[in-house]
Structures are given as C-alpha cells and as structure tokens.
Amino acid sequence: MSGIVGFFAFSDRWNVARFTYYGLLALQHRGRGAVGISLLEGRRFSSSKKTGDVEDLRTDGLRGWASVGYVGKSDEFPLIIKNSSIVIDGIADRPSLESLAEDPLILNKRKFAFISLNKEGKLVVGRDYWGLKPLYLGAFGFDMVVVSSEPSAIWAVGGELRREIQPGEVLEIDRWGLRSNVLESRRRVCSLEFVYLSRLDSTLSNASIYKTRLKLGELLAMEYPLAADVVVGVPETGVPMALGYSRVSGIPMELGFVRTGSHVRTMGLEDQFMRLVGAQLKLNPIREAFDGKKVILVDDSMVTGNTLRNTVQWVRRSGATEVHVLLGSPPLIRGCPYGMDVPDSNKLITSEGEHIERIVGANSIHWLSMKAMYEAIGNSDLCTFCMGGRGGEEP
Amino acid sequence: MVGEGAREHAIAEALAGAEDRVYVLASYRNPGLANVAEHTGGQLILGSITSQSKVKEILRGTNPDIVVIGPEDPLFSGVSNTVKEEGIPVIGPSQRCAMIEGSKVWMRELMWKYKIPGRLRYRKFDSLSEAASFVRTIQGSIVVKPAEQVGGKGVKVITDLQAYLSDDKKTSVSSSLEEVSSVVKGKEKILVEEKVEGPEYTLHALSDGSSTIFLPLAQDYKHAFDYGVGPETGGMGSISGPNDGLPFIDSSELEASKEIVKSSLRSVELEAHERYVGFMGGQMMLTPIWGPTVIEFYSRMGDPETAAIVPRVHNFGDLLHLAAFGSLGKAKPEISQLPTVVKVLAPRGYPISRAMSTGHKIELDLRAIQEIGCRVYFGSISLEGGQLITQGSRTLEIVAEGDFVDASMRIERCISMVKSDYPLFHRSDVGLTIPEQERLATISRRIYKFKSSNGTLGSLSEFIPQGDNW
C-alpha cells in the first residue's frame, strides 16, 4: 500500500520540492516505511530516498520544476528506468515496469497506478486496469498540475481538485497540453479503500468516504441491534461507523480512546512487535467511557485480530461489563493479489473458525454482510476478493 | 470594422445581418472577415490596426457611417479619437476612457474613489524590488499582475492558506516579477491584489454616452487544458445563457453586477471628462467577500465571450447603429432563450510558444459544420495563397446553440472535421462544468449573504497573524 504524487509546473521558475514533500505528508495514511522523491531540473533527476517517515526526508538543496513522490512500504521508489523516474501504488514486477518506461500506452492489465516523469519533461499518469487504486488530477492556479493517490495531497499544497482519473486511463502531460488516453478497463474499485484506507475527506467513484463509513455503521445497527449502554469506535476508521450505529440504534456514542503520536497504520507494519507498539501508542482508553457499561466496539475490519485483542482487553480493564465487537465489513478470508496488505488465509483470524470471539476476548463478534457493504458504498463495481467475493478477473 | 480576430468576425456578421456593407481594417487576411466583406460589397484592407494614418486613409477612402473597434490595442493607441476627429460615429471608447482597461491601477483607484461595491484591496509598485518585498511579507492569498493590460498574460495567482509553503510560493512569484513587468511601459509596473474565489462571469454593457444596455452574461474558460488545468490563456471557450443570465448567477446578483458596471462606466466618464461610447465588459467573480466582485474591466467585448453572446442577440447589428448615434435609450436587446457554447481550437504550443504555434496549415469543411448547426468564427488564422495558415494564437471558435451538454457534444463533431498535419487542441469540457460552478456559487452566496446581514461585506474574515498590511 502506498501513496504517490506528481507535480508539473508550466515554468522552470517553480521549485516543487517542498510541494512534493507536503503532498506526501498528506498521503502518509496510505502506507509507511519508506519515502522518496525525484525532481527534474534541466535534463537531470535529483532524488532523495529514506526509510522512515515523510518527516525524515530532507528537501534542502533539492530543486526541480517537476517531480514524482512515493510513500509506502517499498524502499525502491522512485525507480529510475531508462529516461523515466517512476512511482507506483500496487504491485508490479520488473518487466511490467520496464514496459511502462518503454511505452506507457501499451495495453496490459496493470495491477498498479503509476506516475512517471521522463527527462524530456513529460509526466505520464495512469490508473490500473480495474481502478483498484485511486488517482486524482488537480491544479495549482495557472502554474501547476498536481496528480495524487488522494485529493488530500492536492489540498495540502493549496491546489484545487479537478477530477478522478478513470480506471485504465493514461494522462500524458507536457508543457503543450494534457492528453487523456482511455485504455481498456474494467471498473473494480477496492472495497477496502472505502472501508479503511482512503482518507475521510476523499470521494471515490462518486461516493463520499465519510458518508460511506457512516452508512456502514447505520447498516451494522440494522443487522445487529444489540442491547448496550454505549457504542465506541476504534480510531480512526471505526469512529464514523460508531456514529452511524448510534444514530440508528439510539445508543449514545462515546469517544473511548486518545491517540498518542502520529498516525500509525498497524495493518501496514510487518513486524509483530512494532505492530503492538504502534497499536499501543495509537490508542489509550478513556476509563470513564467504559466503566460499568455494556460496550459495543466498532472497527473497520479484522486481519490477524492481534490489535483488536489488545483493544478489547484495554476496554475490559477500563471497567466494561460486556464487550461486543462489530466490524463494518465482511470477514477477510484470503490474501489480496493486488497489493493491499491482506495476508494469506492462514494468517487471517478468520481461519480460526468458530473460536474467534474467544481469541479476541469479546462477548460477541459480528461482521457486516456483503450485501450491506455493497449498499453502503452504493456501487456494484467493487473488488471483494479478500472477502471471498468477486476479484478483478471474474465478470 | 477595426480588428482581425474571431470577435470581429462575429460582430461583422451581425453588421452584415443589419444589411451593412462592411469594410475591415486587419493586419492579416482573416478568411471569415474577408468573406463578410466580400459578400456585403465591402472590402478587407490590410494594415496596422493601431496606425492613425492608416485609419484616416481608409476612412477617407470608404466614408463609413459608423466605425466599430473590436480589440483593445487600437483603443489604447487612440484610434477611437482619430475616427471621432474625422466626424464619424464610433463604437469604442476614447484613449482616456479606455484607461479602465489599459491601466489596472487606474481602474482600482477609480473603484475606491467612487466607493463602487466589489472592489478589492490592492497595492501598486513602481519598483520591482519593493513589489518583491511586499509579496514576500504580505499574509494570505494574493494575485500579482502587470499594472497594464498586456493581452491577459502574466497573472500569477498565489493561494497561501498553507503557511508552510508560503516561502516557496512567494519566492517563485517574486522571482518572476521581472517577466510579469517586462511588457509594462508606464511608471507603475506591478499590481498586487487580494485573491478571491468563486465562479467567474462576464457582463458587457453597451453605452451610447448617456444610455446603457446590457448584453447577456457569459463565462469564459481561462485554463489552457481540459478539466481546468494548465497555463492562463485569453480563453479556450465560453458559454452564455439561458436568457440574459447564467445558471449559477441569480437575478439579484445579475442586477447588482449591472449596477457595478454602470456606476463604473459613469465614473470613468467623470474622471476622463468624456462620454463613454462603446462596450465595457466587467470580468466579474461571485466572491464570498462581496458577492459580485470586479476582477478586471474590458474597454471592448471579451473574446471568446463575443462568439457566445453575439449569436444570441438577434438585433446586435441594429444596437451598434443606435449606440453610435446616441439612440440606445429606446433600444432593447432581443435575446435568445437558448444558451450557446463556444470551443476554441489552438495549435500546439499556444499559449507558451508563439513560434511553435505559428505557420501551420489547416483545412475545414465549413459546409458540413454548418449542416450540424454550428457556426465558425475565424480567429488567428490567415488566408494566404488559398491556404489557411495559423498565426500563433487561438485559431477557430466554433459555436453551437442549444442545451449546454448537447451543444458541447455537437461542437466535438465539428472539431473532428477540422484537419491539420500539425496538432491542434481544444477543451472538451466547455459547457460541461455547470454543476461545479453552481456548487462554487452556492458557497460564495451563503458567505456573502451572511456578511451582508452583519455589515461586514467587503472585509476579510480570515485571521491574519501579522495584521492586515494592505
């Protein structure tokens, strides 16, 4: 999982180094571990890469009027192949990256969104065949084009969102124009983008992420009208779902957790220990929200269940008399072939079968039905492969 | 007719519709204007459109009843004064009245002196270094412009709600001041204004020196490329209508805009001590700070707004005659209910490299385009030895009447009938952006109505850390 961004100024006078940095900062929720940028000045790239957070990246001394930037797990981006500096969101093998550097308009079922800047000063931007990975076009006044995995990076630099780039679409941008090529595509937007990955202020495939998550919570309340004293969302993604649950059920919503430090996405961290540290730093329970109460705890999804196990324990130690876990999406039962961090089936908690609530330590656990998730997103062109549903290949 | 572009072509056709014989002074052989001249028994005469002696020579040779001046440059150089001295009624303000467009500083000073609503805070600079230091220290979003009208170029918009990028944005702009001011001739070089947001629209008035009438609203598309990205241009398309408005401007906003343009026009007359005869275009924006707000004034009609407006005003030619003879008081524009959409074709290279976009051959099937129900106005293109050769700016303006989406689609079909071995580009989204404009207008409307209700119209609402140093 990663966030990618590209800047293209219509005059050499601009230095887009800091713009790229702040753009990446606004995409950090999409994946962490490594960060890198490439800038074009004259016919030369200057690049900077770093393992760590965007904040660790130094931009002093870097200069260029066009750029690409990457934040995510892989430390190889931006990758310079031939005359191009390339960043991607998704999965790509070396041959497909080479063919991209050769000819970005070649028809193939790319499993990644990309931004590629070449030394001649052309920015090529493409969304994957299925539109699994989001990608947006924006403008900064008359001076720049901005492309980004999510609108957040466009807004972070003071730009204006123009539109979503379509599945299979490849945009070629140079000083003389912007050309849209719509290659063959089949729309299958990633349902996990709606459920947890995209930022709450994004709109994807005409659906507001915020409204979708509220609706997921509302539908949870319709499917599981539990008796409880409070409903609490696990930050960040669980909060709007808890709000939706509360509105429909009439059960008051409480804010149950305080976050320490910057936003750490535990789902993206490989190392077990770091995941726990991340989770603990992320959340500290507010005792008064839970003490002596029957609690409904709402989260977006459950992968290994480790983070949720601890969260449930903290809620119990804060004095909860019952803890019922509700998840705003169907169970994850198999790994993602398109680069989302959903591990193979045997690492998923759903492989434990009947005993999940015992492992998690909850009085009960319920998942939103597939049908309700479709209804909440309001879009039938979804990829639900990891939930046992339709992937990119199925009609 | 003085002038040679698509705007003049549209106006000349309207004059032909009023059964005029049309003579044209143009610096190249615009095939559209040549055609109008030929069909009406007039003539296209090649020559400099800013040369007083050339103008006098043609006036004496053709003895016209009225003269219409299309573009701003002849106005700035006093062609209107010359025509008047020859005793011929002229549509186009005098050199002094045209200051409203020629000097952006004069325009802002006028608006503040006469307390006209919709005026923005500004600072003027003779010295580039003073301008640069102001740009670096001013808090908030700004627009940096050359102090004079230089063909709609050189405007820098700096959105600065992000303090962390402030230095980068302002360093870039202050380093480009030299370029912005290089074409400015007068003492005052740079104008810095507060930046405002909202949907833009153009309101044209036609004045005969005592009465004023208004043409239907239009909106032009400034960004070079599709979806509103890319460098600033003179305009890559426009829309007008339905009726006398636009879908995202309500009737009270239209009336307020008319008041602004009318009082500005009368203020120009007071300052210049001359009657204003001709067009005045208010390039307006519906902003949260004021509601209708003036971005700039034209002392002529906007291009490509003209191509959207003229076909919708059935008695346009007659109106010009009435204005020239001071009889607009009785006149009323006959405005078509249906909207129009205009798309502009330009050669690759425009607007950054004139060298790239000049000298390319194009071909088009005019009859087939007319069969689809579209009009073509020829812009920066010359008929040379039987061939159509691009002159470096916007080449063609294609107009369709009808609902926005339908008209926009029909123009796409026409554009496919324009052939060239050199790439031409256009914006496919002209006429398709109404919902977005309505959304922007709604936001502006909510805020300016609130400001109006609590008496803070025209003042800034944002907190400025180091004080308001305008």
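For the structure, see preceding data.
Owing to the predicted nature of the structure, the values given are computational and were not obtained by experimental measurement.

### Regarding the overall build of chain B
Helix and strand content of chain B: 17 helices and 24 strands. Here chain B has a C-alpha radius of gyration of 22 Å; the compact-globule value for 470 residues is 23 Å, and the two agree. Based on the C-alpha atoms only, the size of chain B along its principal axes is roughly 65 × 50 × 40 Å. Expressed as a percentage of the 470 residues in chain B, the buried residues total 61%. Surface summary for chain B: the accessible area is close to 18000 Å², and the carbon and sulfur share equals 50%. Side-chain charges of chain B comprise 51 positive and 59 negative groups, with the mean position of each set lying 3 Å from the other.

### A closer look at the interface of chain A and chain B
Each partner contributes residues to the interface: chain A has 28 residues there, and chain B has 31 residues. Roughly 2600 Å² is buried in total at the junction of chain A and chain B, and carbon and sulfur atoms are behind 64% of that figure. The largest per-residue losses of area from chain A upon contact with chain B belong to Arg13(A), Phe142(A) and Trp176(A), which jointly make up 34% of the total buried on that side. Of the charged contacts in the structure, one is a salt bridge between Asp174(A) and Arg348(B), with a shortest N-O distance of 2.9 Å.

### So, the side chain of Asp143(A)
As for its position among the elements, Asp143(A) is in the loop between β9 (136-140) and β10 (144-148). Note on Asp143(A): relative accessible area 5%, which makes it buried. In this structure the side chain of Asp143(A) is engaged in a polar contact, spanning 3.3 Å, whose partner is the side chain of Trp14(A). Leaving out residues up to four positions away in the same chain, Asp143(A) has contacts with Phe8(A), Ala9(A), Phe10(A), Trp14(A), Lys156(B) and Val157(B).

### So, the packing of helix α8 (residues 128-137) of chain B against helix α9 (residues 166-175) of chain B
Residue and element names in this part refer to chain B. Contact geometry for α8 and α9: axes closest at 9 Å, N-to-C directions at 165 degrees. Viewed along their axes, α8 and α9 adopt a mutual orientation that is roughly antiparallel. Of the two elements, α8 crosses α9, and the hand of that crossing is right-handed. Where α8 approaches α9, its residues Ala132, Val135 and Arg136 are matched on the opposing element by Lys170, Val173 and Ser174. Split by residue class, the contact of α8 with α9 holds three nonpolar, one polar and two charged.

Reading guide: rules and limits
- Residues numbered from 1 in each chain as written.
- Chains lettered and ligands numbered in written order.
- Predicted model: local features only at pLDDT ≥ 70, side-chain atom pairs only at ≥ 80, totals over all residues.
- Heavy atoms only, no water.
- Helix = DSSP H or I, 4+ residues; strand = E, 2+ residues; numbered from the N terminus.
- Rg over C-alpha atoms; globule rule 2.2 N^0.38 Å.
- Buried < 20%, exposed > 50% of the residue type's maximum accessible area, 1.4 Å probe, protein only.
- Areas by Shrake-Rupley, 256 points an atom, 1.4 Å probe, with all protein chains shown as cover.
- Lys, Arg positive; Asp, Glu negative; His and termini not counted.
- Charge placed at Lys NZ, Arg CZ, Asp CG, Glu CD.
- Contact = heavy atoms within 4.5 Å.
- Buried area = accessible area lost by both parts, 1.4 Å probe.
- Salt bridge = Lys/Arg side-chain N within 4 Å of Asp/Glu carboxyl O.
- Polar contact = N/O pair within 3.5 Å; in protein donor to acceptor, adjacent residues only side chain to side chain.
- Axes fitted to C-alpha atoms, helices over the stretch in contact; angles between N-to-C directions.
- Parallel < 35°, antiparallel > 145°, perpendicular 65-115°, else oblique.
- Left-handed = near helix turned anticlockwise from the far one by under 90°.
- Nonpolar A, V, L, I, M, F, W, Y, C, P; charged D, E, K, R; others polar.

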